[in-house]
Amino acid sequence: MRNKGAIRLLAIVFALVSLYQLTFTYVTKKVEKEAREFGAGDIKKEQNYLDSIRGEGVYNFLWLKNYTYKECKELEMNLGLDLKGGMNVTMEVSVVDIIRAMANNSKDETFNAAIAKAKQMQANSGKGFVELFGQAFEQIDPNAQLSSPDIFGTLEMKDKIPFGASNAEVLKVIKEETDGAIDNTYNILRSRIDRFGVAQPNIQKADVSGRIIIELPGIKDAARVRKLLQGTASLEFWETYSAPEVMQYLNAANTKLAEINNAGDVEEEAATEEVKKEAKDEDVALLDKIEEEGAQDSLATSQDAKAMAKMYPLFSILNPTQQGGSSKAVVGMAHVKDTAEVNGVMAMPAIKSVLPRNLKFFWGVKPIDEAGNVFELFAIKVTSRDGKAPLDGDAVTSAREQVDQQTAKYEVSMSMSGEGAKTWARLTKDNVNRAIAIVLDGYVYSAPNVLGEIKGGQSSISGDFTVAEAKDLANILKSGKLPAPAHIIADEVVGPSLGKESIQKGMYSFIIAFVLVLVYMFFFYSKGAGLAANIALITNLLFIFGVLASLGAVLTLPGIAGIVLTIGMSVDANVLIYERIQEELKSGKGLGLAISDGYKNAYSAIIDGNITTLLTGIILYLFGEGPIKGFATTLVIGIFSSLFAAIFITRLIFEAQTARNRNVTFATKFTDNWLRNSAVTFLQKRKVFYVISGAAIVLSVVSLSTKGLNQGIDFTGGRTYVVAFDKAVGVEDVAKSLETVYGHAPEVKTFGGANQVKISTKYKIEESGTEVDDEVENLLYQGLKPYLADGTSKADFLEDNRKMSQKVGPTIADDIRTSALWSILGALIVIFLYIMVRFSNWQYGLGAVAALAHDSIIVLGIFSVGYGLLPFSLEIDQAFIAAILTVVGYSINDTVVVFDRIREYLGLYPKRDREEVVNKALNSTMRRTFSTSLSTMVVLLAIFLFGGTSIQGFTFALLVGVMVGTYSSLFIASPIAYDTSLRVQKVVDKRKK
């Protein structure tokens, strides 16, 4: 092997980088364990501990860089909601509402008819709504003009849509405005999410325009999340107090708080003395001893610290400033862990009594230190009788970042409407040399100082802005005129207990499957070759997790299944190589040459098989969402890492051994001749298998036509809840109880144990809003109350009994069905084209695609026949689509290996009977087919038995698919390719005659 040194260096570097990336996960888990021990079951105390060390160094990497806990948390392995618990939300900004608002809710008949028609067209089109609206408008009235005063030619839009503008020009402006509104919504949601205090929140724009996907690990209060995310943005401009003006009030508040605390201490001391009087002598002695030891042992309660905190209780949590911080309106700074306590103090009636009625406090939206711990407190002055801001976001017409020509620094320019400009002029005139705070959702984004009166509504906000900060502020200013709020069209809540259970069962299945594969390789290929393969598998595992961590990819339960399946399938590369080496050894070649030629001859089948699986994984990633994308990510990473490990790591091990003249064995005495000289007459019996497969396909089609499939809410829309009870419940009884509150009987199934059910309902799924979501959850609680423990409140029910909830709106369900269909069709087309080009023969492509269609139909048929009969869920959902496409990838990998051997044998024996050569080629792959299929089946069986209820249906599909795929590679794909080749040859021969 050439470049051994470079490959060895690459492997070492790759392993070290993977270990480095995984150390952050180790460090964060260690710190969080310390926090749990410190909290001793008190979650608030545990969180305070983590907040206190957020900016402190916890990991000194080789003394080169000291990473803070916050930095380690950002670099650790991300766990999906199904493993960690939390909430996943899909939000949609209504482009229709934006367009209507831009047209001032025009009553024009053509405009409204075009809106209605575009909605209908969107149901069956992948185009954006603006484009469809333009097409519909042209179709309804080719002579109508969008720039007319009755539609978009309004006074508000005159600067963007000039009189007489063409429809194409108007549509371009509409597209820019809707994209801008979506971007603004994204920025607002991102800002709100940052304040949830969620570790590793994730927000991203979906492929579908207007949709935003949000993941919030660890969230428990789903109702609060829905309310905050769907609230309309509130942009306000406030007058402010300066720091010196507020200092006297802060001093008064501090004095008042000290008085309150001292009074509380006196009461506490009196209560303690009362307890001592009532206690026995030994108990009194014990209390005194505890107090004495506590005072000696606790560093946090030293005399000096206690004295300072007692004298300055407010200033011990809020650092006041006389000069102001980033603005004249900054009156203090506090650590993130103390901000809630400061808010509590300022809300106390006694403290409010010493503060002016028109004084309000808002925190800055971003920390001011690099560690992200310190926030500024701004003093806001209320000048109106109704307590509202003198100017709000409706006044802003546009905002953008720009570079100041004199200072070369970034600033933000802002334009206001006519009425807004008048108010802005008055506001700036009254506040020269003071600050005006720009507040969104109750947080200060900027508080620039006013240099002079600003007339005409054109102004600029300067400061020490970076490009990103200037863009963010411009987007915030533009957000004040959002014409449409974002609505939740799908959400999923996974309880932490279910996530913990998923982790445990996922890890059990992973470890068991991995150990079984290692044992199998030792057993079948001896300790020499088996050890090399196992080292490669372990290295492969390290690479996969290292790459996932470095990319910031999210590891989900389907992702774990993808890793385990990748490990099972990666055995195939080792099997192909080892079988080839054994063939070379049996032909009389020496060990070194046999190894070299074995690797060389195996490359073709390995590369072809993995490329087809890779293509499937890429299609999964492009078209899939959620669990499908997570599965595809691990599959694609696993393919590359397993190829590197199987081809290069094992080769390095073998060459190191042969260089030391050590013998390497590639089989045990029990497996050396296993299926070595099989003589199955595949082609002679092909008609029998055609009949068997035909019967299975007919049965499947009949069942699919009559019984159908058990479609999950991913495809139908609706709400699903997984609820656990203290004891076993009857599904029929639960359904009847819920029928009384919902008005219809929802679908109720046992999910896992007899004390856990899965409830699906379409109650008010067409309606949106937090009120509807709250109503559905409240009715669920009322309907299930008879089965809950006495005294269980709704909050307790949602946190303890509800393990998972999922909502999928009708629009999302349509899109999932469409993406699933395109995923399957895309995979089949791409695979057909690849095989046709790679083998220079369309008959091979036809045989492969026919086998894939055969496999997919039979798996679907088994799910149709089996649902309701088998004791586990056979729902058709996104995870099932991932399973079908994985079956496609596995089956095509198997088929390509078989085709590769047929092609090789036809080249070696061109004069022999074609049927005899094909049979010989198929028999020569039996050992490889047996090893790969058995190892993969063992892996999948371990996942099925130990992986938990949530992925049993997914794994069952894979189990069936692997069996059917192995069968079709030998008995369907090859015979069809053979038969079509014969027919083509007969046609060619006739033409020659």
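Positions within a chain are numbered from 1, following the residues in the order the chain's sequence is written. Under the rules for a predicted model, residues below a pLDDT of 70 receive no local features and side-chain atom pairs below 80 are neither given nor counted, while totals for whole chains, interfaces and linings still include all residues. Excluding hydrogens and water, the side-chain figures rest on all heavy atoms present in the structure.

A.B. asks: What is the right way to look at the overall build of the protein in this model?
C.D. replies: Strands here mean DSSP runs of E at least two residues long; helices mean DSSP runs of H or I at least four residues long; both are numbered from the N terminus. The helix and strand inventory of the protein stands at 31 helices and 23 strands. Taken across its 993 residues, the protein has 50% of its residues classed as buried. A 1.4 Å probe and the Shrake-Rupley method give the accessible areas. Residues count as covered only by the protein chains that appear here. Of the roughly 46600 Å² that the protein leaves accessible, carbon and sulfur atoms contribute 57%. When a residue's accessible area, from a 1.4 Å probe over protein chains only, is under 20% of the maximum for its type it is buried; when over 50% it is exposed; and in between it is partly exposed.

A.B. asks: How should the packing of helix α5 (residues 95-102) against helix α6 (residues 109-122) be read in this particular structure?
C.D. replies: Each pair of packed helices can be summarised by the angle the axes make with each other and by the distance between the axes. Each axis is a line fitted through C-alpha atoms, and for a helix only the stretch in contact is used; angles between axes span 0 to 180 degrees, taken between their N-to-C directions. Two elements in contact, α5 and α6, have axes whose closest approach is 12 Å; the angle formed by their N-to-C orientations is 170°. One way to sum up the angle between α5 and α6 is to call them roughly antiparallel. Contact residues: V96, I99 and R100 in α5; F111, N112, I115 and K119 in α6. Each residue is assigned to one class: nonpolar for Ala, Val, Leu, Ile, Met, Phe, Trp, Tyr, Cys and Pro, charged for Asp, Glu, Lys and Arg, and polar for all the others, Gly among them. Here the contact of α5 with α6 is composed, by residue class, of four nonpolar, one polar and two charged. Roughly parallel means an angle under 35 degrees; roughly antiparallel means over 145; roughly perpendicular covers 65 to 115; every other angle is labelled oblique. By definition in these notes, contact holds between two residues if any of their heavy atoms fall within 4.5 Å.

A.B. asks: Any chance you could explain the packing of aromatic side chains here in plain terms?
C.D. replies: Between two aromatic rings, the relevant description is the distance of the centres plus the angle of the planes. Ring pairs shown here join Phe, Tyr and Trp side chains whose ring centres sit within 6.5 Å, with only the six-membered ring taken for Trp; geometry is labelled stacked below 30 degrees between planes, edge-to-face above 60, and tilted in between. Going through the model one piece at a time under the given rule, you end up with 33 aromatic pairs. Here the aromatic rings of F644 and F648 are separated by 5.4 Å at their centres, their planes lie at 50°, and the arrangement is tilted. Taken as a pair, F644 and F648 lie in helix α20 (residues 627-659) at a separation of four residues, close to a single helical turn. Owing to a relative accessible area of 13%, F644 belongs among the buried residues under this scheme. Between F944 and F956, the aromatic rings sit 6.4 Å apart at their centres with planes inclined by 40°, giving tilted as the arrangement. Taken together, the residues span a long stretch of sequence, with F944 in helix α30 (residues 926-946) and F956 in helix α31 (residues 952-992) at a distance of 12 residues. Taking relative accessible area as the criterion, F956 reaches 16% and is therefore assigned buried. What links up through ring pairs into an aromatic cluster is the set Y520, F524, Y525, Y578, F654, F666, W674 and F930. Across the ring face of Y241, the terminal group of K381 is positioned such that the distance to the ring centre comes to 5.0 Å. Put simply, a charge is over a ring when the Lys NZ or the Arg CZ is close to the ring centre, within 6 Å, and near the line of the ring normal, within 35 degrees.

A.B. asks: Quick question: what am I supposed to make of the sheet that holds strand β13 (residues 396-403) here?
C.D. replies: Paired through backbone hydrogen bonds, the strands of a sheet run either parallel or antiparallel to each other. Note on pairing: two strands pair once DSSP finds at least 2 bridges between them. As summarised here, the arrangement of the three strands in space is β13-β14-β17, forming an open sheet in which the pairing is antiparallel. The open sheet is flanked by β13 and β17 (458-465), the only strands paired with a single partner. Averaged over all neighbouring strand pairs, the angle between strand axes comes to 20°, with direction disregarded. By the bridge criterion, six bridges tie strand β14 (residues 410-416) to β17 in an arrangement that is antiparallel.

A.B. asks: Please explain the confidence of the model for the protein as it appears in this structure.
C.D. replies: Regions with low pLDDT should not have their predicted coordinates read in detail. On a scale of 0 to 100, pLDDT captures the predictor's confidence in every residue. Across the protein, the average pLDDT comes to 80, with 87% of residues at or above 70. Across residues 268-302 the pLDDT falls below 50, and counting only partners more than four positions away or on other chains, this stretch makes 10 contacts in the model.

A.B. asks: Even after reading the chapter, I still don't get helix α21 (residues 686-706), so can you show me in this structure?
C.D. replies: With 21 residues, α21 ought to run about 30 Å at 1.5 Å a step, and its terminal C-alpha atoms sit 30 Å apart, in line with that. For α21, the set of buried residues is R686, F689, S693, S700 and S703. Within α21, the buried residues cover an arc of 125° as seen down the axis, which keeps them to one side. Summarising the geometry of α21, the exposed residues directed more than 90 degrees from the buried face are K687, V691, V698, L699, S705 and T706. Phi for G708, located one or two positions after α21, is positive at around 75°. Multiplying one less than the number of residues by 1.5 Å gives the expected span of a helix. By construction, the arc corresponds to the directions joining the helix axis to the C-beta atoms.

A.B. asks: Looking at this structure, I do not really get the pairing of strand β11 (residues 374-381). What am I missing?
C.D. replies: Two faces make up the sheet, and in a regular strand the side chains alternate between them. Most of β11 is tucked away: seven of the eight residues are buried. Sheet analysis places strand β7 (residues 235-240) next to β11, joined by two bridges and oriented antiparallel. Pairing of T240 across the sheet is with I380, part of β11. Relative to β11, strand β9 (residues 330-335) is paired through five bridges, and the arrangement is antiparallel. By the bridge assignment for β11, V330 is matched with F378. Summarising the sheet, strand β10 (residues 359-363) and β11 pair through five bridges and their orientation is antiparallel. Pairing of L359 across the sheet is with K381, part of β11.

A.B. asks: Can you help me understand unusual backbone geometry in this one?
C.D. replies: The backbone of N105 sits at a positive phi, close to 50°, despite the residue not being glycine. Within the element layout of this structure, N105 appears in the loop between α5 and α6. Classification of N105 as partly exposed rests on a relative accessible area of 48%. Positioned with a positive phi, S526 is a non-glycine residue whose angle comes to about 70°. Mapping S526 onto the fold places it in helix α17 (residues 496-551).

A.B. asks: Got a minute to help me understand the nonpolar core in this structure?
C.D. replies: For soluble globular proteins, the rule of thumb is that nonpolar side chains tend to be buried together. Each nonpolar core is a collection of buried residues, namely Ala, Val, Leu, Ile, Met, Phe, Trp, Tyr and Cys, held together in the definition by side-chain atoms within 4.5 Å. One finds I563, Y578, F654 and F666 to be the most contacted residues of the largest nonpolar core, which totals 93 residues. It is α17 that provides the largest number of residues to this core, a total of 21 residues. Once you skip the residues sitting within four places of it in the chain, F666 turns out to touch F524, Y525, S526, A529, Y578, I581, Q582, L585, L591, I595 and F654.

A.B. asks: I would appreciate a short explanation of the packing of helix α27 (residues 842-866) against helix α28 (residues 878-908) in the present structure.
C.D. replies: Direction vectors running N to C along α27 and α28 enclose 145°, while the axes themselves pass 9 Å from each other. Along this stretch, α27 crosses α28, giving a crossing that reads as right-handed. Taking contact as the criterion, the partners of Y844, A848, L852, D855, S856, V859, L860 and F863 in α27 are, on α28, F880, I884, V887, V888, S891, I892, T895, F899, I902, R903 and L906. Its residues assigned to classes, the contact of α27 with α28 comprises 14 nonpolar, three polar and two charged. Crossing handedness: left-handed means the near helix sits turned counterclockwise from the far one by under a right angle, and right-handed means the same turn made clockwise.

A.B. asks: Help me understand the pattern of salt bridges in this model?
C.D. replies: Close approach of charged atoms lets side chains of opposite charge pair. Salt bridge, as used here, is a side-chain nitrogen of Lys or Arg placed within 4 Å of a carboxyl oxygen of Asp or Glu. Enumeration over the complete set of coordinates arrives at 25 salt bridges. A salt bridge links K73 to E32, with the nearest nitrogen and oxygen atoms 2.4 Å apart. One end of the pair, K73, is in helix α3 (residues 69-75); the other, E32, is in helix α1 (residues 4-39), with 41 residues separating them in the sequence. By the burial criterion, K73 is buried, and E32 matches it. K175 serves as the salt-bridge partner of D179, at 2.7 Å between the closest nitrogen and oxygen. Separated by four residues within a single helix, D179 and K175 lie in helix α8 (residues 167-194), roughly one turn from each other. Judged by relative accessible area, which is 27%, D179 ranks as partly exposed. Residue classification places K175 among the partly exposed positions, given a relative accessible area of 40%. Ionic contacts of the salt-bridge type, sharing partners, join the residues K29, E32, K73 and E76 into one network.

A.B. asks: Where do I start with the environment of N343 in this structure?
C.D. replies: Along the polypeptide, N343 turns up in helix α13 (residues 339-346). On the basis of relative accessible area, N343 is assigned to the partly exposed category, the value being 40%.

A.B. asks: I would appreciate a short explanation of the side chain of N919 in the present structure.
C.D. replies: With respect to the helices, strands and loops of the structure, N919 is situated in helix α29 (residues 914-924). Any N or O atom pair separated by 3.5 Å or less is treated as a polar contact, with the protein-specific requirement of one donor-capable and one acceptor-capable atom, and with residues adjacent in sequence counted only for side-chain atom pairs. For N919, the side chain forms a polar contact with the side chain of Q684, separated by 2.8 Å. In contact with N919, not counting residues within four places along its chain, are V680, T681, F682, L683 and Q684.

A.B. asks: Got a minute to help me understand a nonpolar patch on the surface in this structure?
C.D. replies: Judged by side-chain polarity, I618, Y621, L622, F623, L821, W822, L825, I829 and L833 come together as a nonpolar surface patch covering roughly 860 Å² of accessible area. At the level of secondary structure, the elements contributing two or more residues to the nonpolar patch comprise α19 (591-623) and α26 (810-839). Among the elements that make up the nonpolar patch, the one with the highest residue count is α26 (five residues). Here L833 lies in helix α26. Like-charged residues within 9 Å of one another, or nonpolar side chains (Val, Leu, Ile, Met, Phe, Trp, Tyr) within 5 Å, are grouped into patches, provided each residue has over 30% relative accessible area and no salt bridge.

A.B. asks: I'm lost on the pairing of strand β15 (residues 436-440) in this one. Help?
C.D. replies: Of all the five residues making up β15, five are buried; the element is thus mostly covered by neighbouring parts of the structure. Of the two faces of β15, both are covered, the one formed by I436, I438 and L440 as well as the one formed by A437 and V439. Looking at chain direction, β7 and β15 are connected through five bridges and run antiparallel. Across the sheet, residue F237 finds its bridge partner in β15, namely I438. Pairing analysis gives three bridges linking β15 to strand β16 (residues 443-446), with the strands arranged antiparallel.

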